[in-house]
Amino acid sequence: MDAAVFILSLVDCCALIFLAVYFIITLSDLECDYINARACCSKLNKWVIPEMVGQCLSTMLMLVSMHWFIFLLNLPVAAWNIYRYVKVPMGNMGVFDPTEIHNRGQLKSHMKEAMIKLGYHLLCFFIYLYSMILALIND
């Protein structure tokens, strides 16, 4: 049971790492003016909900399997993703809005957030990998 939970979490974490890298590449393309703000925001907004679902899936897996430390490690990021999605102002295109992304340093803050998420998911990847190996050895 534990091995299956950690294998599924590992696959989920790999997908979240891919999304974090995709967000970084797309935001850096916008920063260098390789793509316009509307194209960038539409590309990123379609991946906000899958990212939120993936993070919540991993969090719920740890809750159901009673791995409390890893659950508590995942909970703030899942809560942040939900908060960020719920607090989108009316009239905006989504979490990433083309009219506001260049205002008030939002591009830099989105880039910083993507870098932090990448580091977090890499840390979780190695925790899941270690836990999976430990669970496979113990079974």
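Residues numbered from 1 in each chain as written. Predicted model: local features only at pLDDT ≥ 70, side-chain atom pairs only at ≥ 80, totals over all residues. Heavy atoms only, no water.

> Tell me about the overall build of the chain, and name the residues and values.
Assigned secondary structure in the chain consists of 5 helices and 0 strands. Of all 139 residues assigned to the chain, the portion counted as buried reaches 43%. Accessible surface for the chain amounts to roughly 8,000 Å². Of this, 72% is attributable to carbon and sulfur atoms. Measuring between centres, the 9 positive side-chain charges of the chain sit 9 Å from its 10 negative side-chain charges. (Helix = DSSP H or I, 4+ residues; strand = E, 2+ residues; numbered from the N terminus. Buried < 20%, exposed > 50% of the residue type's maximum accessible area, 1.4 Å probe, protein only. Areas by Shrake-Rupley, 256 points an atom, 1.4 Å probe, with all protein chains shown as cover. Lys, Arg positive; Asp, Glu negative; His and termini not counted. Charge placed at Lys NZ, Arg CZ, Asp CG, Glu CD.)

> Describe the environment of Gly94, listing the residues and the values that go with them.
Tracing the backbone through its elements, the reader meets Gly94 in the loop between helix 4 (68–86) and helix 5 (106–138). Remark: the alpha-carbon pair of Gly94 and Thr59, spanning 35 residues in sequence, is separated by 24 Å.

> Break down a nonpolar patch on the surface for me, with residues and values.
Among the surface-exposed residues, Ile49, Val53, Ile82, Tyr85 and Val86 lie close enough to one another that they form a single nonpolar patch of about 440 Å² accessible area. Elements represented by at least two residues in the nonpolar patch include exactly helix 3 (48–64) and helix 4. Here Val53 is to be found in helix 3. (Patch = residues over 30% accessible without salt bridge, like charges linked within 9 Å, V, L, I, M, F, W, Y side chains within 5 Å. Salt bridge = Lys/Arg side-chain N within 4 Å of Asp/Glu carboxyl O.)

> Quick rundown of the layout of surface pockets? Include the residues and the values.
Of the pockets and cavities examined, the largest pocket occupies roughly 350 Å³. Around the largest pocket sit 15 residues that line it, and Arg84, Lys87, Val95, Gln106 and His110 are the ones nearest its centre. Sorting the residues of the lining of the largest pocket by element identifies helix 4 and helix 5 as the ones contributing at least two each. Of the residues in the lining of the largest pocket, the class split is 5 nonpolar, 5 polar and 5 charged. (1 Å grid on protein atoms, 1.4 Å probe; cavity = no way out; pocket = protein on both sides within 12 Å on 5 of 7 lines; lining within 4 Å. Points joined across faces, edges and corners; volume = space filled by probe spheres on them. Nonpolar A, V, L, I, M, F, W, Y, C, P; charged D, E, K, R; others polar.)

> Account for the nonpolar core, naming residues and giving values.
Generally speaking, nonpolar side chains in soluble globular proteins are found buried as a group. The biggest cluster of nonpolar side chains holds 35 residues, and the ones touching the most others in it are Phe6, Leu27, Met62, Phe96, Ile101 and Tyr128. Among the elements that take part in this core, helix 1 (residues 2–31) stands out by supplying 13 residues, more than any other. The contact partners of Leu27, leaving out residues within four places of it in the chain, are Cys40, Leu44, Ile101, Leu107, His110 and Met111. (Core = buried A, V, L, I, M, F, W, Y, C linked by side-chain atoms within 4.5 Å. Contact = heavy atoms within 4.5 Å.)

> How would you summarise the packing of aromatic side chains if you had to cite specific residues and measurements?
This structure, assessed with the given rule, holds 6 aromatic pairs. Where Phe18 meets Tyr22, the ring centres are 6.5 Å apart and the plane angle is 20°; that geometry is what we call stacked. Of this pair, Phe18 and Tyr22 both sit in helix 1, 4 residues apart, which is roughly one turn of the helix. Given a relative accessible area of 23%, Tyr22 falls into the partly exposed group. Arranged with centres 6.5 Å apart and planes meeting at 70°, the rings of Tyr22 and Trp47 form a pair that is edge-to-face. Here Trp47 lies in the loop between helix 2 (37–45) and helix 3 and Tyr22 lies in helix 1, a separation of 25 residues in the sequence. Accessibility expressed as a relative area gives 32% for Trp47, which makes it partly exposed. (Phe/Tyr/Trp six-rings, centres within 6.5 Å; stacked < 30°, edge-to-face > 60°.)

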